[in-house]
Amino acid sequence: MIDFSLNGRRQRCGDVSADTSVLELLRDRLGQTGTKEGCASGDCGACTVAIGEPGDDAGPDYHNVNACLTPAHQLDGCHLITVEGLADGKTLHPAQAAMVDCHASQCGFCTPGIVMSLFTLYEQQRRDQAPPLTQQRLESALGGNLCRCTGYRPIRDAALSMADYPAVAAIPSEHVVLDDASDDATAAHYAVPRHLAALRALKAERPQARLVAGATDLWLETTQQLKALDDLIDVRRVAELNVIEETDAGWWIGGAVTLARLTPLLAEPYPAFEHLMHRFASSQIRHRATLGGNIANASPIGDTPPVLLALDARLRLDGPRGARELALSDFFLDYRKTALAEDEFIAAIFLPRPASGANLKVWKLSKRREDDISAVLGAFAWTLDKGVLRDVRLAFGGMAAIPRRAPGAEAALEGHAPDGEAFAAARTALAEELSPMGDVRGSAEYRRIAAGNLLERLRLMIAADATTTDAVHSTTQVTLDAHAH
Amino acid sequence: MRTLTRLSHSPDTARGGESAADQRPNQRNQGDAPLARETVAPQGGANNARAHESATKHVTGRAAYIDDIAPPTGVVHVAVGLSPVAYGRLTRLDLDEVRRAPGVVDVICLADVPGHTDIGPVFPGDPIFVDETISYLGQCLFAVAAESHRAARLAVKQATVEIDERPASLDPVAAAEREEFVRPTHVHERGDWQGALEAAPHVLEGTQFVGGQEHFYLEGQACLAVPSEDEGVMVYTSNQHPSETQKLVAEVLGIPFHAVTMEMRRMGGGFGGKETQASPWACIAALIARRTGRAAKVRLPRAEDSRATGKRHPFHNRYRLGFDDQGVLAGGDIRLIGDCGYSPDLSEAIVDRAMFHADNAYSLGDARVTGQRARTHTASNTAFRGFGGPQGMMIIERAMDDIARHLGEDPLTIRRRNLYRAQRPDAAPRDITHYGQRVEQLTLLHELIARLEQSSDYWTRRREITAFNAQSPIIKKGLALTPVKFGISFTAQHLNQAGALLHVYTDGSVLINHGGTEMGQGLHTKVCQVVARELGLDLERVRISATRTDKVPNTSPTAASSGADLNGQAARDAASKLRERLFDFAAEHFERDAGGLDRETMRLEGGELIAGLGEAETRLPWGELVQAAYIGRISLSEKGFYATPLIHYDRATGRGRPFYYYAFGAAVSEVEVDTLSGEYRVSRADILHDVGDSLNPAIDIGQIEGGFIQGMGWLTSEELVWNEAGRLVSDGPATYKIPAFGDLPETFNVELLQGHPNSQASIYRSKAVGEPPFMLAISVWSALRDALASLTDYRVSPALDTPATPERVLMAAEALRRERTTADAEHDESPDHAPA
C-alpha cells in the first residue's frame, strides 16, 4: 500500500508493482493526465512533478523530480503536487499566471513540467531568505525542462515575474505519517529498510536484489529496455546512509545522500566541485540521484568519480559480512566493474578536508552546457609549494573504460615548476596513458586533444594566478565560465 | 512591437517605462547579479497581442493531447516491430511467439493489409510494412496489439526475424556519384554562368556539410483509431495533414474516404515532423481497429520515434562563384545534394526549396543551381521548418564569409553589396532570382539591415571585438549579421488553397473551423482574431474547435508557414459572406417604418451592428441581430474558401513565380569561443524581422524567438549520429541535445519591423512567420566562423561544417593554429622577407 497525499488529498494505492513509476501511477491508474511523458528517460522534464518530503514546521520541502524515473513506492508518506493541483479554482497559481501573461506556452506539451519547476522555484523563493534569481539559479532550476517551441525567453520572463503576483498560501495537505509500526516495511519485491542492520539482513537474504535510491539510472532499464525490476531494496530511508558526519579530517557522506543535499556542503571547501554540481544533469535528477549511486554505477563518464579521485576520496563498503574501507582509486576495476561484492553496498564516502594551499579545478566538456553527459571531464588537484607543483592528482572521465587518474602526467608535473616544459611532458605522458574511445558524445581524437588542452588551460590558469595580485587581475581569460573557480 | 528582456544588475530598474534608455540594447549580465525582467509592452497593435487560445489549459494540464484522451472501453495498445538492420532482404518473419505473448490481441504484417500497401504521400515508395526489401534501420516490419502498452512492447521482442543483410549505403555523396536518386535532378539556370565565371576577376569555391535535425516534438507520434458502426474509422491523430492521412487510411483499408474521419485538436509540437510522418501510425491503428473491432492506440516511445521517422535532410553543398573587386557576385555554379533517405517522401519539393534559397537575399548574377536527391538507407527525410530552405541558404552564406576574407573586407560589407537591389538601366538586372521571380519590396531589406546595424551597434562592437581578440589568445569573440529572404507559398501550386466553416449560434456565440492544424504556433488564435475582427466581436465570443475532415474537407497540410495566410483568408471569406448576408437581412428587416436601415454605412463593431452616421446612427446588439436573423430564417452558417493568386512555376524550364511574396529579416549574433576546448556561448542576439502588419505581435515574437533558438540548435548542438551499420545512436534527449534554458542568449533583443505592410493582399497585409526566423540563426554559425577566423587575423575563412559542436569548433581551431604555424614558418623562411 502506497499512502501519500496527491494535491492535498490523501491517496492510497494498493497492489502497485515494484517497477511502476510515479508517471504510470498518475496517468494509467489515477487518470491524472496533466503530467506528460516526453522521453521516459529523465532528460526532457515534461513529466516534472513536485514532491514534498515531510520537512520542518514551515511545511513540506518541495523538489521538482521526473515522474518517469521515480518509483511509485517512494511516494509513501510524501506530498505529491502535479500541475492539476496548483490553481485555486479559477485563480491560477503565480507560476501559471506568469506563464500565460508572458506568452510562455506554445504547443503546451512541456508546459506542465515547466510550471512544476517554476512552482518549486516559487516555493524555494518564499521559504528561505531567498537568494536572488541569478542566471545561474534559473539555469539550475530550469535546465532540466526542454521546450522546443519558445526558445525560453518568455519562460525566463515568467520565472522572473512570478513574485509580482499576489502571494498564494501553501497547498494544504492531509497529514500523512509514514507507517513506522513495523520498523522495516516490506512490500512484495519492494523492500524499504529503515536501518543499516535491516539493510544488511536483506542483502544477506537477497544478495541478487537490486538496490535503488534515486533510480535515475536504474529506472532506464524498465522504461527503455523493458527489463523486469521485480526485486528491489530501497536504500533511501536507511537512516545511517543519510548521515553527513564531519570530522577533523573531512566528511563522511552517507551513500544515500542526494547530490542536491551534498552540493551546499561543497561550496566552502571545494567551490570547483560545487560549481560542477550545477551542471550535473538537472535539478530534477540532482534531487533524486545519490553520491553513492553515481560511484556504484561505475560509468566511465560519471561526473563525480574523477573529482573524488582527484580529492583522494575513500569509500566505506558495508554488507552482511561487515564493513571495510577502500580507496576510491581501488574501486573501479574495469568497464562497469567494481570492487563491490554482490552483497555489499556503499555505506559512505569520505571526502578529505582540503590541505592548506591545495587547489582544485574541475572542467566538464559536453555538447550542451546544461543537462548533458560529459565527453571529457578533467579534475585537477595540486599544491604550489615555493614555485613547485606538489600533490598533483589529475583524474579524467571519458578517457578510459573507467574514471581514472593519469599517473604518468602527474609524475611529469610533480616536483616541477608549472612551466611549459613540464606541461608539455605531462601532455605527452597523458596521450600515452589514456586512449579514449569515440562515441556519440565525441570522437577519440577530440577527447584526446581536448584532454591535453585542459592541461594547457590548467597551465595558463596557474600562470595567471601567479601574476594576479589583489589589485590587478589578469586580463587573460582562459575559460568562458564566469563562475569558474 | 519589441520585446526586450533585460538582464540588469539592479532589480529596481525592473518594470520601467518605455524611456529611451529602456530601448537601448542591454549590457551583458555577468556573474551572480540578480536578474530583472523587462518586457516592453506591445506598441502599435497592442490589442492584437492576445494570449494563445489554449494558454490557460496548457498551464493547468487541461489541454488534452492524444494520449490524454480517455479511450473507449476495450482499447488495445499497439507497438511496432522495427527492422534491426539498415539494408537487406527479409527472409523470415516468424510471429508465432509474438501471438502467444501475454496480453496480445492481434498481430499484423504486410499480408494483413486489405487495401493499398504503399503509403507514399506524393510519390510511391513507402510500404506500410516491409515486404521483402529492408531499406533502413527502424523500418516497420509488423505491429502488435495488446491489452497494455507494455505488453505490446514486450511481445514485439518475441519475434523471430531473419534478414540477409547487405552493406548499407549511408553516404549521399557517393550515392549521388552512382546516380542513386529518389527523384530526378533539377536545375535552375540563368544567363551565361560559365562565361561569368571565366570573366570574373576572382573565383572562389568551397564545400560544406550541413547536418540534419531531429524534430524532437515533445509529444511523440500518437493516434487513436476508433471503429465506426459502418466500415470506417474515427481517428484522433497528432497530425499536420489530416486530409492526407484520411486518404491513406481509407486506401489502406480499401474503403471510401467518407468512411474515415480525422480529428486533430492540437499537437505537442510538429515542426514538419507530423506532415507525412504521422500517417503510418494512423494507418496501423486503423487496420487494427477494424480487425479487432476495438479502439486502437499507437504512441511511439521516444527512441522508436527517433529511429522510425524521417528528419531534416542533411545536405552536401558546393559552390564555385566569380566576383569583382568589390565582392559583388558575377555568377557561378552551386550544387546541392540532399540526403533523402530511402524514399521520395517530400524530397522533390524540399530540394527544390533548397535550390530556391541558394541565393538567400543576394543576386547570384548568372548562375546555375543544381539540386540532387540522393537515396541512402536511412529513414526517409522529410519536412522540417524551412523545408530545405535553410540548407540551401547555408552555402551562399558560407560564400559571403569566404569572399569577405578573400578581399579583406568585413562580411557585412560584402553581404550588403550583394543584396537584391533595383535594376539600373545600364547594368545587368539584380532584382531577379535565378528562377526568374522578380523580388518585390526591394528596399525593405536594405532598410531593415541598416536599422539593425544601428540598433545592435554593429560597427562599434566590431571594433571592440577586434581589439579584444588581439589581446586574448584563448577566448575569441565573433560577430555576424546575416539576412533572411524566404519565399512564401507551397511550391506545389495546388496546395495553396484553404477552406473554413463558420457557425453562428442563436446566442451569438461563434464557432469557426478551418483546415489548418494547431501545433503551438498560434494559428487558431490568429484565425479567431480574424473572425472576431470581421464580425466586430470580442475574441471571447469566437471559439475554435478541433480540425476535422468532416467539417472542412480536402485540406492542405499546415506547413510552408502558410497556416494563417491561407486559413485566415478562408475564415475571413466565410465571415465576410455571413456579415454581408446579415447586412442584407438587417437592411430589410429593421425599421421598416423608417424606410429600413442604411445598407451602405452598415458595419459590425464592438458587438453591435451599426448603421447610419451621426444622428441617424442606429445600433443593434449582435445577439439581437443573430436572433432576428434566425427567426427570419436566414442561414447562420457559412463556408469560406481561398486560393492564392498569381503564383506559377514551370518545372520544365525551372522558371516562374513560385512565391506569392517574400518574408525578410536579419539577425546579429555575438559569440565567445574557447579555442582550447571548443566550448562557446551566444552572448547576445539582436533580431529585426518583417511580418508585414502583424496579426498578433505576441505570437509572432514567439515564433521568431523560438525559430531562432531552434535554428541555433540545428547549427550547434543537435548532432545526429549514425553508426557504421546505419543505426541512429543519437536516438533520444540523452544523446541528442536540443537547446536548453541556459542556451538562451543573455541579451536577446527581438523587434518586429514596423511600417512595411505586405505589398501583396495577404490577410490584413501580414506575412507568414513560422519558418523564416529559423534561418536567422545562421548568424550564430557565421559568428562562430568569425571568432575562429580571428586566429589567423581574419585572413583565413575557416571551414566549419554543421552542427558546429564544441568538437567541430575545436577541430577547426586546431586546424587554423596548424595553418598559422605553417604560414608563419614559411613567412620566416621566405628570402624576400623583410622585417617591418
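From a predicted model like this one, the values you see are computed outputs, not experimental measurements.

Peer 1: Please explain the overall build of chain A as it appears in this structure.
Peer 2: Of the regular secondary structure elements, chain A holds 15 helices and 20 strands. Taken over the C-alpha trace, chain A has a radius of gyration of 23 Å; the compact-globule value for 485 residues is 23 Å, and the two agree within 12%. Dimensions of chain A along its principal axes, counting C-alpha atoms only, are 70 × 55 × 40 Å. By residue count, 56% of the 485 residues in chain A fall in the buried class. Residue pairs in contact within chain A that sit at least 24 positions apart in sequence constitute 66% of those at least 6 positions apart.

Peer 1: Just checking my understanding: could you explain the packing of helix H10 (residues 347-356) of chain B against helix H11 (residues 389-407) of chain B for this structure?
Peer 2: When two helices pack together, their arrangement is given by the angle between the helix axes and by the axis-to-axis distance. Residue and element names in this part refer to chain B. Closest axis-to-axis distance for the H10/H11 pair is 7 Å, and the angle between their directions is 35°. Read as a crossing pair, H10 and H11 show a hand that is right-handed. Residues Arg 353, Ala 354 and Met 355 of H10 touch H11, and the partners they reach there are Gly 389, Gln 391 and Gly 392. Counted by class, the contact of H10 with H11 contains two nonpolar, three polar and one charged residues.

Peer 1: Help me understand H11(B), please; the structure alone is not making it clear to me.
Peer 2: Because each turn of an α-helix spans 3.6 residues, side chains separated by three or four positions in sequence point in the same direction. Residues and elements named next belong to chain B. With 19 residues, H11 should cover 27 Å at 1.5 Å per step; its first-to-last C-alpha distance of 28 Å lies within 8% of that length. In terms of residue burial, H11 counts as a mostly covered element, since 17 of its 19 residues are buried. Just downstream of H11 lies Gly 408, where phi reads positive at about 70°.

Peer 1: I'm lost on the confidence of the model for chain B in this one. Help?
Peer 2: Predicted coordinates in regions of low pLDDT should not be interpreted in detail. Mean pLDDT over chain B: 93, with 93% of residues reaching 70 or higher. Interface confidence in the predicted complex, given as ipTM, is 0.96; pTM for the same model is 0.95.

Peer 1: I'm lost on the domain arrangement of chain B in this one. Help?
Peer 2: Accessible area lost when the parts come together is the quantity often used to give the size of an interface. If you check the domain split of chain B, you get domain 1 (66-168 + 215-308), domain 2 (315-491 + 651-821) and domain 3 (497-643). Listed by partner, the interface residues are 16 residues for domain 2 of chain B and 17 residues for domain 3 of chain B.

Peer 1: Would you mind going over the pairing of strand S6 (residues 140-146) of chain B with me for this structure?
Peer 2: Moving residue by residue along a regular strand, the side chains alternate between the two faces of the sheet. Residues and elements named next belong to chain B. Taking burial as the measure, the seven residues of S6 include seven buried ones, the bulk of the element. The pairing of strand S2 (residues 76-82) with S6 spans six bridges and is classified as antiparallel. Looking across to S6, one finds that Ala 79 is bridged to Val 144. Relative to S6, strand S4 (residues 104-108) runs antiparallel, the two being bridged by four bridges. Counterpart to Asp 106 in the pairing with S6 is Ala 145.

Peer 1: Quick question: what am I supposed to make of the interface of chain B and chain A here?
Peer 2: With 82 residues of chain B at the interface, the matching set in chain A holds 76 residues. Within the residue set of the side of chain B that touches chain A, elements represented by two or more residues are helix H2 (55-60), helix H4 (149-156), helix H9 (302-308), strand S28 (661-674), helix H18 (697-715) and helix H20 (806-829) of chain B. Here the side of chain B that touches chain A takes seven residues from H18(B), the largest share from any one element. Tallied by class, residues from the side of chain B that touches chain A come to 37 nonpolar, 27 polar and 18 charged.

Peer 1: Would you mind showing me how to read the sheet that holds strand S8 (residues 181-190) of chain B here?
Peer 2: Within a sheet, neighbouring strands are paired by backbone hydrogen bonds and run either parallel or antiparallel to one another. Residue and element names in this part refer to chain B. What the five strands build is an open sheet, ordered S8-S16-S15-S14-S9; its pairing is mixed. Each edge of the open sheet carries a strand with a single partner, namely S8 and strand S9 (202-210). Each adjacent strand pair in this sheet contributes to an overall mean axis angle of 5°, direction not counted. Bridge analysis of strand S14 (residues 315-323) against strand S15 (residues 329-339) gives nine bridges, and the strand direction is antiparallel. Each residue of the ladder has a partner; that of Asn 317, found in S15, is Leu 336. The sheet strands contacting H10 are S8, S14, S15 and strand S16 (366-374), and the helix crosses S16 at an angle near 155°.

Peer 1: Can you walk me through the packing of helix H16 (residues 563-589) of chain B against helix H17 (residues 622-631) of chain B in this structure?
Peer 2: Residue and element names in this part refer to chain B. The N-to-C vectors of H16 and H17 enclose an angle of 80°; their axes lie 10 Å apart at closest approach. One way to sum up the angle between H16 and H17 is to call them roughly perpendicular. On H17, the residues that touch Leu 582, Phe 585, Ala 586 and His 589 of H16 are Leu 625, Ala 628 and Ala 629. When the residues that make up the contact of H16 with H17 are grouped by side-chain class, the tally is six nonpolar, one polar and no charged.

Peer 1: Would you take a moment to explain the sheet that holds strand S20 (residues 404-405) of chain A for this structure?
Peer 2: All names here are of chain A. Reading across the sheet, the four strands line up as S17-S18-S19-S20 and stay open at both edges, with antiparallel pairing between neighbours. What marks the edges here is a single partner per strand, and that holds for strand S17 (358-365) and S20. Both S17 and strand S18 (residues 376-385) contribute to a ladder of eight bridges, which runs antiparallel. Each residue of the ladder has a partner; that of Val 362, found in S18, is Ala 379. Sheet contacts for helix H15 (residues 444-467): S17, S18 and strand S19 (388-397); angle to S18, the most-contacted strand, approximately 30°.

Parameters and conventions
- Position numbers for residues count from 1 along each chain, tracking the sequence in the order it is written.
- Chain letters start at A and ligand numbers start at 1, both assigned in the order the entries are written.
- Given that this is a predicted model, residues contribute local features only at a pLDDT of at least 70 and side-chain atom pairs are listed and counted only at 80 or more, while totals for whole chains, interfaces and linings are drawn from all residues.
- Put simply, DSSP marks the helices as runs of H or I at least four residues long and the strands as runs of E at least two long, and each gets a number from the N terminus on.
- Radius of gyration: over C-alpha atoms. The globule rule applied is 2.2 Å multiplied by the number of residues raised to the 0.38 power.
- Partly exposed residues are those whose C-beta has more than 12 but fewer than 20 other C-beta atoms within 10 Å; 20 or more makes a residue buried and 12 or fewer makes it exposed, with C-beta atoms placed from the backbone.
- A pair of residues counts as a contact when their C-beta atoms, built from backbone coordinates, are separated by no more than 7 Å.
- For helices, the fitted axis covers only the stretch in contact; all axes are lines through C-alpha atoms, and the angles between them, taken along N-to-C directions, range from 0 to 180 degrees.
- The sense of a crossing depends on the near helix, which, turned anticlockwise from the far helix by less than a right angle, makes the crossing left-handed and, turned clockwise, makes it right-handed.
- All amino acids are sorted into three groups, where Ala, Val, Leu, Ile, Met, Phe, Trp, Tyr, Cys and Pro are nonpolar, Asp, Glu, Lys and Arg are charged, and the leftover types, Gly among them, are polar.
- Expected span of a helix: the number of residues minus one, times 1.5 Å.
- pLDDT is defined as a per-residue confidence score from the predictor, taking values between 0 and 100.
- Where each domain begins and ends follows an automated or database-derived domain assignment.
- Think of it this way: DSSP has to see at least two bridges between two strands before they count as a pair.
- The labels follow the angle: roughly parallel below 35 degrees, roughly antiparallel above 145, roughly perpendicular from 65 to 115, and oblique for the rest.

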